[in-house]
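Given next are the chains, with one letter for each unit.
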Amino acid sequence: MRSLAFSLLAALSLALVAPAGALEVTVAADGAQLAGKILRLKVTTAELEAGESASAEILLDGRKVSPAGGVALVAGEQTLIVPDLEISSGGHEVTLTATSSGGASATAKATLRAIPGWLSAVPPLIAILLALVFKDVLLSLFAGVFLGAMILVGWHPITAFARTGDQFIVPAFADVSHVQIIIFSTLLGAMVGVISRSGGTHGIVNWLSPYATTARRGQVATWMMGILVFFDDYANSLIVGTTMRPITDRLKISREKLAYIVDSTAAPVASLIPISTWVGFEVGLIAGAFKSLDLPLNGYQVFIASIPYRFYPLFALVLGLTIALSRRDFGPMLAAERRAETTGAVLAHGDTALADFTRGGLMPRDETPKRAINAFFPIAVVVVVTLAGLYVSGAAGLDRSQFPSLFKWVQEVLSNADSYNTLIWASMAGLISAVAMPVLQRILPLKEAMDGMMEGLKTMLLAIVVLILAWSIAEVCTQLHTTDYIVAMTKNVLSPHLLPALVFVISAAVAFATGSSWSTMAILMPLVISLAHGLSTAAGIGIESPAFYTLMVGTISSVLAGSVWGDHCSPISDTTILSSMASGCDHIAHVRTQLPYAVGLGILGILIGDLPTAYGLPVWVSLVVGSTVIIVGVLWLGKRINDGGAPASATG
């Protein structure tokens with residue numbers, strides 16, 4: 001087995017192989033070794049003889065650290081975690097001696113280098129800081145990946161440069177779900193390209209012109225579409241953004257505002273609705289943690305009960321509608337809206353749209369009929385095929401008679417559905433229908449339709465590169481164990497009543513640093529449920545008491561809400577990137593203008609939601625008070641575009 005020192009911070013990975021039939025084992029560091037109290041090893045054991053078992057004794061710097069009786073080994077690769085140690089920064093030697101039940105033995109050694117825990121959080125934070133300061137997301141993400149590689153390989157720049165490519169960027173293509181997202185996004189971009197070339201986009205604008213006569217109506221319509229496309233956040237961002245962009249451009253609504261409305265309805269809606277593609281994942285995490293602790297709680301029931309406690313996504317929906325109806329903004333969003341209204345520049349000078357669907361190759365000819373049906377039909381095909389695909393893939397193997405109600409049946413179907421493949425089916429069907437419509441109507445010859453498709457594909461290139469780099473830095477965070485460090489630094493809680501608020505902060509920080517809400521939920525959910533259980537019982541709160549249930553529900557909801565917050569605010573989040581891409585917005589401009597709204601809502605959710613409800617305040621009171629604060633705050637702090645002397649406009 002070749003050395004993993006470059007990427008795993010192990011200077012040596014040595015396997016001692018015995019004669020044929022004997023035990024074979026190798027050991028190396030599992031990613032970066034953080035100074036502290038946990039030793040992480042990656043052990044590979046050769047196939048065992050039938051009926052045989054094996055165990056290992058582990059020495060750290062000559063001191064036995066494995067429990068009495070050793071650690072059980074399985075054939076193949078596994079991760080061994082040895083807790084409750086004192087590991088200082090610097091070099092250490094690990095010796096693993098494996099013994100099979102048949103009497104065979106083998107020894108492997110590895111030299112490890114432990115790094116300070118805080119160093120694991122530096123690469124994602126540097127990437128985020130550079131992106132916000134220099135407004136160059138590609139350079140910033142690459143710098144974060146390269147810095148992470150430098151840390152992992154022991155600060156050798158040439159080796160780090162090589163590992164950046166072959167161990168982070170290239171493997172981002174190897175993940176099946178990543179490839180599926182890329183295919184879905186590019187096919188949808190190609191569909192939009194054909195729609196634009198055939199005049200369908202202009203047809204939508206012309207068709208909606210008598211109804212979307214003001215910027216207020218345009219923003220409300222965008223918000224409502226975001227609610228209606230509830231079944232998947234990726235589909236939500238791409239469908240709503242690409243559909244509404246030409247309309248909001250005509251109404252002089254800034255691309256920043258469009259991206260904000262799209263982003264603030266995508267993940268919040270998909271995470272809240274109990275029949276979306278998120279549900280199976282979320283319920284599975286909750287139920288698995290309950291099972292491991294032997295808690296008499298139902299995962300799906302707790303999921304439903306947690307919905308009112310997810311203050312950030314709920315408040316995000318309230319704020320989005322309030323701003324759309326009032327036409328009031330503040331901070332950098334107000335400046336963007338004033339620029340678009342007074343100058344007609346939906347993008348600021350010098351900004352670059354993450355996906356540009358207004359390029360010359362996508363514009364229809366003057367004589368091309370502008371028919372809205374050529375846009376609506378492919379989009380409808382995407383929606384219908386998505387819903388049908390979710391049903392077909394989710395219903396396979398399920399017995400309808402086993403479910404007491406239609407709602408539970410639909411919920412289970414969508415929970416089991418293959419959302420990624422479904423989105424690919426939908427985008428392929430949408431692209432085919434987008435090409436067929438103008439060709440059959442003789443609006444475009446097939447060659448021109450294909451030219452529009454290729455131009456649409458080209459518009460997605462920048463967004464795809466950003467996605468790949470975002471996934472690469474997420475892998476850097478995985479190998480550096482960034483989440484472990486953040487959790488370890490913030491998990492000491494004095495009172496269980498403070499846990500929901502603290503968990504929200506932890507989840508938000510992890511999702512912000514890693515750019516992934518799903519990864520954050522997967523990593524934190526088992527930990528915080530165990531923590532809530534331990535703190536509650538230690539404080540004398542029995543598992544049968546209403547207080548225990550409220551604290552558990554509040555803690556779980558904080559993981560889900562905090563993950564969405566971090567996903568919204570992070571410039572390396574895939575859904576944030578997709579929102580910028582579909583809206584044709586400069587990515588950093590979207591993050592910069594959305595951040596004040598998200599930060600304010602996060603603080604509001606903690607102060608009015610997480611803390612009071614943990615001490616017994618009814619959740620409906622927090623929701624009513626919080627919504628009232630949002631509405632009053634927007635009307636009080638927000639300013640209209642023409643406040644302060646800016647000229648009024650018919651689009652107000």
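Calculation rules
- Residues numbered from 1 in each chain as written.
- Predicted model: local features only at pLDDT ≥ 70, side-chain atom pairs only at ≥ 80, totals over all residues.
- Heavy atoms only, no water.
- Helix = DSSP H or I, 4+ residues; strand = E, 2+ residues; numbered from the N terminus.
- Rg over C-alpha atoms; globule rule 2.2 N^0.38 Å.
- Buried < 20%, exposed > 50% of the residue type's maximum accessible area, 1.4 Å probe, protein only.
- Contact = heavy atoms within 4.5 Å.
- Areas by Shrake-Rupley, 256 points an atom, 1.4 Å probe, with all protein chains shown as cover.
- Salt bridge = Lys/Arg side-chain N within 4 Å of Asp/Glu carboxyl O.
- Core = buried A, V, L, I, M, F, W, Y, C linked by side-chain atoms within 4.5 Å.
- Pairing = 2+ DSSP bridges.
- Expected span 1.5 Å × (residues − 1).
- pLDDT = per-residue confidence, 0-100.
- Axes fitted to C-alpha atoms, helices over the stretch in contact; angles between N-to-C directions.
- Parallel < 35°, antiparallel > 145°, perpendicular 65-115°, else oblique.
- Left-handed = near helix turned anticlockwise from the far one by under 90°.
- Nonpolar A, V, L, I, M, F, W, Y, C, P; charged D, E, K, R; others polar.
- Phe/Tyr/Trp six-rings, centres within 6.5 Å; stacked < 30°, edge-to-face > 60°.
- Patch = residues over 30% accessible without salt bridge, like charges linked within 9 Å, V, L, I, M, F, W, Y side chains within 5 Å.

Caption draft 1: Representation of the overall build of the chain in the model. Broken down by element type, the chain carries 25 helices and 12 strands. Taken over the C-alpha trace, the chain has a radius of gyration of 27 Å; the compact-globule value for 652 residues is 26 Å, and the two agree within 12%. Its C-alpha atoms give the chain principal-axis dimensions of roughly 85 × 60 × 55 Å. The buried share of the chain, reckoned over its 652 residues, is 55%. The contacts of the chain with a sequence gap of at least 6 include a subset with a gap of at least 24, amounting to 77%. Here the chain has roughly 25500 Å² of accessible surface; of this, 66% comes from carbon and sulfur atoms.

Caption draft 2: Highlighting the pattern of salt bridges. Overall, the coordinates contain 11 salt bridges when judged by the stated rule. Residues D30 and K42 are paired through a salt bridge, measuring 3.7 Å at the closest nitrogen-oxygen approach. Taken together, the residues span a long stretch of sequence, with D30 in the loop between β2 (25-29) and β3 (33-34) and K42 in strand β4 (residues 39-45) at a distance of 12 residues. The two residues D30 and K42 agree in class, both being buried. With a closest N to O distance of 3.3 Å, D451 and K447 form a salt bridge. One end of the pair, D451, and the other, K447, are both in helix α17 (residues 446-459), four residues apart, so they sit about a helical turn from each other. Residue class for D451 comes out partly exposed when judged on its relative accessible area of 28%. Linked by salt bridges that have partners in common, K257, R327, D329 and E337 make up one network.

Caption draft 3: Structural detail: the nonpolar core. Counting 77 residues, the largest nonpolar core has M191, L431 and M581 as its most contacted members. Per element, the largest residue contribution to this core is 11 residues, and it comes from helix α18 (residues 461-480). Among the nonpolar cores identified, the runner-up in size contains 67 residues, and A508, M525, V559 and I606 belong to it.

Caption draft 4: A look at the pairing of strand β10 (residues 105-115). Two elements, β3 and β10, share two bridges in a ladder whose sense is parallel. Bridge pairing in β10 links L34 to I115. Pairing of strand β9 (residues 90-100) with β10 involves 10 bridges; the strand directions are antiparallel. By the bridge assignment for β10, H92 is matched with L112. Where β9 folds back on β10, the antiparallel hairpin that results is connected by four residues, among which G103 adopts a positive phi of roughly 100°.

Caption draft 5: Local environment of helix α7 (residues 215-228). Helix length check: α7 (14 residues) gives 20 Å between terminal C-alpha atoms against 20 Å at 1.5 Å per residue, within 8%. Of the residues making up α7, those classed as buried are A215, G218, Q219, V220, T222, W223 and G226.

Caption draft 6: Seen up close, the confidence of the model for the chain. For the chain, the mean per-residue pLDDT works out to 83, and 90% of the residues sit at or above 70. Across residues 1-20 the pLDDT falls below 50, and counting only partners more than four positions away or on other chains, this stretch makes 52 contacts in the model. When the criterion is pLDDT under 50, residues 645-652 qualifies, and its contacts beyond four places in sequence or with other chains add up to 18 contacts.

Caption draft 7: Here's a closer look at the packing of helix α5 (residues 176-197) against helix α14 (residues 373-395). Viewed as axis vectors pointing N to C, α5 and α14 meet at an angle of 160°, and their least axial separation amounts to 9 Å. Considering their axes alone, α5 and α14 lie roughly antiparallel with respect to each other. In the packing of α5 onto α14, the handedness of the crossing is right-handed. When α5 is examined against α14, the residues L188, M191 and I195 are found in contact with a partner set consisting of N374, A375, P378, I379 and V382. Taken together, the residues of the contact of α5 with α14 break down into seven nonpolar, one polar and no charged.

Caption draft 8: Local environment of the packing of aromatic side chains. Taken as a whole and judged by the stated rule, the model has six aromatic pairs. Relative to F315, the ring of F311 has its centre 6.0 Å away and its plane inclined at 40°; by these criteria the two rings are tilted. Separated by four residues within a single helix, F311 and F315 lie in helix α12 (residues 311-326), roughly one turn from each other. An identical accessibility class is assigned to F311 and F315; each is buried. Here the aromatic cluster, defined as three or more aromatic residues joined through ring pairs, consists of Y260, F330 and Y597.

Caption draft 9: Seen up close, the environment of C477. As for its placement among the helices and strands, C477 is situated in helix α18. Distance from C477 to W409, taken between C-alpha atoms, is 38 Å for residues 68 residues apart in sequence.

Caption draft 10: Local environment of the sheet that holds β2. Pairing is antiparallel across the open sheet formed by three strands, whose spatial order is β2-β4-β8. Only two strands of the sheet have a single partner each, and these edge strands are β2 and β8 (76-82). For this sheet, the mean angle separating the axes of adjacent strands, direction not counted, is 25°. The pairing of β2 with β4 spans five bridges and is antiparallel. Bridging across to β4, V27 finds its partner in V43.

Caption draft 11: Looking closely at a nonpolar patch on the surface. A cluster of nonpolar side chains, contributed by L129, V133 and F134, occupies part of the molecular surface with about 330 Å² of accessible area. Here F134 is to be found in helix α2 (residues 122-134).

Caption draft 12: Summary view of helix α20 (residues 499-514). Here α20 contains 16 residues, and its C-alpha end-to-end distance of 22 Å stays within 8% of the 22 Å for a straight helix at 1.5 Å per residue. Phi for G515, located one or two positions after α20, is positive at around 75°.

Caption draft 13: Spatial organisation of the packing of α20 against helix α21 (residues 517-538). Following both chains from N to C, one finds α20 and α21 inclined at 160°, their axes separated by 11 Å at the closest point. The angle between α20 and α21 falls in the class roughly antiparallel. For α20 against α21, the interelement crossing comes out right-handed. The residues of α21 that touch α20, namely those facing L499, V503, I506, S507, V510, A511 and T514, are T520, L524, V528, L531, A532 and L535. Residues belonging to the contact of α20 with α21 are distributed by class as follows: 10 nonpolar, three polar and no charged.

Caption draft 14: Representation of unusual backbone geometry within the structure. Although it is not a glycine, K252 adopts a positive phi angle of roughly 60°. Mapped onto the elements, K252 comes out in the loop between α8 (233-250) and α9 (255-272). A residue is classified by how much of its surface remains accessible, and K252, at 34% relative accessible area, is partly exposed. Positive phi, close to 60°, is recorded for R327, a residue that is not glycine. Mapped onto the fold, R327 is located in the loop between α12 and β11 (328-329). Judged by relative accessible area, which is 4%, R327 ranks as buried.

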